[in-house]
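Remarks on the overall topology
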Amino acid sequence: MEYIKLGKSDIEVSRLCVGCMSFGDPASKMHAWTLNPLESEAIVRHALDLGITFFDTANCYSAGTSEEYLGKAIRNNIARDKVVIATKVYFNEGKLSKDAIPAEVEGSLKRLGTDYIDLLIIHRFDYGTPIEETMEALHKMVQSGKVRAIGASAMYGYQFMNMQHAAEKNGWTQFVSMQNHYNLLYREDERELIPICREQDVARTPYSPLAAGRLSRPTWSADTLRSKTDVTAKGKYDKTQESDMEIVKRVSRTAEKKGATMTQIALAWQYAKGVAAPVIGATKAEYLDDAAGSLEVALTQEEIAFLEEAYVPHAVVGAVAESHT
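What the rule picks out here adds up to one cavity of 30 Å³ or more. Put simply, the largest cavity is a space of about 30 Å³. Around the largest cavity, the lining residues are Ala-154, Met-155, His-181, Tyr-186, Asp-189, Val-316, Val-317, Gly-318 and Ala-319. Split by residue class, the lining of the largest cavity holds six nonpolar, two polar and one charged.

A volume near 150 Å³ is recorded for the second largest pocket. As for the second largest pocket, its lining consists of Met-155, Tyr-156, Gly-157, Tyr-186, Glu-188, Asp-189, Arg-191, Glu-192, Leu-193, Val-316 and Ala-319. Looking at side-chain class alone, the lining of the second largest pocket contains six nonpolar, one polar and four charged residues.

Another point: the packing of helix α1 (residues 37–49) against helix α11 (residues 285–292). Helices that pack against each other are described as a pair by the angle of their axes relative to one another and the distance between those axes. The interhelical angle for the contact between α1 and α11, taken along N-to-C directions, is 25°, at an axis separation of 9 Å. When the axis of α1 is compared with that of α11, the two are roughly parallel. Crossing handedness for the pair α1 and α11: right-handed. Contacts between α1 and α11 involve Ile-43, His-46 and Ala-47 from the former and Ala-285, Leu-288 and Asp-289 from the latter. Along the lines of polarity and charge, the residues of the contact of α1 with α11 split into four nonpolar, one polar and one charged.

Taken as a whole and assessed by the stated rule, the structure comprises five aromatic pairs. On the numbers, 4.7 Å between centres and 90° between planes, the contact of Tyr-90 with Phe-91 is edge-to-face. Since its relative accessible area comes to 4%, Tyr-90 is described here as buried. Exposure remark for Phe-91: the relative accessible area of 44% places this residue in the partly exposed category. Positioned above the aromatic ring of Tyr-116, the side-chain terminus of Arg-80 is 4.0 Å from the ring centre. Over the aromatic face of Tyr-311 sits the side chain of Arg-187, whose NZ or CZ is 4.8 Å from the ring centroid.

On to the sheet that holds strand β5 (residues 84–89), then. One open sheet accounts for eight strands, arranged β9-β8-β7-β6-β5-β4-β3-β10; its pairing is parallel. Since the sheet does not close on itself, it has two edges, and those belong to β9 (203–204) and β10 (279–280), each with one partner. Of the pairings in the sheet, the one linking strand β3 (residues 17–19) to strand β4 (residues 54–56) comprises three bridges and is parallel in character. Within β4, the position partnered with Val-18 by the bridge is Phe-55.

The topology assignment puts Thr-87 in strand β5. Overall, the relative accessible area of 0% leaves Thr-87 in the buried class. A distance of 2.6 Å separates a polar atom in the side chain of Thr-87 from a polar atom in the side chain of Glu-67.

At a minimum axis separation of 7 Å, helix α2 (residues 65–77) and helix α3 (residues 100–112) run at an interaxial angle of 45°. As far as their axial angle goes, α3 and α2 are oblique. Residues Glu-67, Glu-68, Leu-70, Gly-71 and Arg-75 of α2 form the contact with α3, whose participating residues are Ser-108, Arg-111 and Leu-112. Looking at the contact of α2 with α3 residue by residue, the classes come out as two nonpolar, two polar and four charged.

About the criteria used
- Residue numbers restart at each chain and count upward from 1, following the sequence in its written direction.
- Only residues with pLDDT of at least 70 get local features here, since the model is predicted, and only at 80 or more are side-chain atom pairs given and counted; chain-wide, interface and lining totals rely on the full set of residues.
- With hydrogens and water excluded, all non-hydrogen atoms of the structure serve as input to the side-chain values.
- Space inside and on the surface of the protein is sampled on a 1 Å grid over the protein atoms alone, with a cavity defined as a set of points where a 1.4 Å probe fits but cannot get out and a pocket as an open set with protein on both sides within 12 Å along at least 5 of 7 lines; lining residues have an atom within 4 Å of a point.
- Grid points are joined across faces, edges and corners, and a volume is the space filled by probe spheres set on the points.
- Residues are sorted three ways: Asp, Glu, Lys and Arg are charged, Ala, Val, Leu, Ile, Met, Phe, Trp, Tyr, Cys and Pro are nonpolar, and all the rest, Gly among them, are polar.
- Between the N-to-C directions of two axes lies an angle of 0 to 180 degrees, each axis being a line fitted to C-alpha atoms and, for a helix, fitted only over the stretch in contact.
- Helix numbering and strand numbering both begin at the N terminus, where a helix is a DSSP run of H or I of at least 4 residues and a strand a DSSP run of E of at least 2.
- In what follows, roughly perpendicular refers to angles from 65 to 115 degrees, roughly parallel to angles under 35, roughly antiparallel to angles over 145, and oblique to any angle outside these ranges.
- Note on convention: the crossing is left-handed when the near helix lies turned anticlockwise from the far helix by less than a right angle, right-handed when the turn is clockwise.
- Contacts: residue pairs with any heavy atoms within 4.5 Å of one another.
- Any two of the Phe, Tyr and Trp rings considered here, Trp counted by its six-membered ring, make a pair once their centres fall within 6.5 Å; the pair's planes then place it as stacked at under 30 degrees, edge-to-face at over 60, or tilted in between.
- Classification of residues uses two cut-offs on accessible area relative to the type maximum, computed with a 1.4 Å probe and protein chains only: under 20% is buried, over 50% is exposed, and between them is partly exposed.
- Lysine NZ or arginine CZ positioned within 6 Å of the ring centre and within 35 degrees of the ring normal marks a charge as sitting over the ring.
- A strand pair is defined by DSSP finding two or more bridges across the two strands.
- Throughout this description, a polar contact denotes any pair of N or O atoms lying within 3.5 Å of each other; where both atoms belong to protein, one of them has to be capable of donating a hydrogen while the other can accept it, and for residues adjacent in sequence the pair is counted only when both atoms sit in side chains.

See below:
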């Protein structure tokens, strides 16, 4: 496993991050395919065996049970200071207000069974709360020692820039990471958000790097519970299936040519684009083995161009529009 500093912070993370949206009680009605506590712990243990030390969850995943399962698995298997835990705030009452942020942090700390969060990520942009209020509240969390660093997730480039500027202007903590929607089938953030992150030395830890499995197999759909029931993934990708299948075919052809898997090609492309640590939502141990192999795969400029050539512009998926709030 390889490791990298998270942006300008002193936090070192593995080049793969385990996405823990796969952990949680299905009774929470978020997803039907989530793993129970024992299955979740098996994934965490296998990740640790591979040298993966970076885990990403959220206060809203499976009504908080994802945080509970992750926290217990870590306590049972490794010293707290040997791993990096990221969790999120936004999809909760009060979103990113000065009252909501500390309350949600306390809830996450309790569910995770820890006294600090390594990386607190704002899950989306909050149109209803002044930027200064949010950034000051996040800064206070860092000052309190309950949070080591802060990150952001899917939003428009100008929103991220405005939040960073507010923090800089007031001497508050700035974001060190961006978890945006990014993969070979969705590259809209290359226009604004990614150049901003590069300019500010903000680490990128994209979610959905395999487009919910669509970049890991030659067929669009799979005969799995997740493929059949993941309404969110269908909404993200199925409208552009016709044009995007050409990219899937190119990933498949490149994998055959290089003696690699499609997953490894899709992730090797992420690393070639400067990504720090893609977030992998694995429900089986072998998926992590496959993903870890991507660090051994190097793509040529010609191969990257071949993979990217068939891309067509997509509607924005991830950043929240103001009318949706």
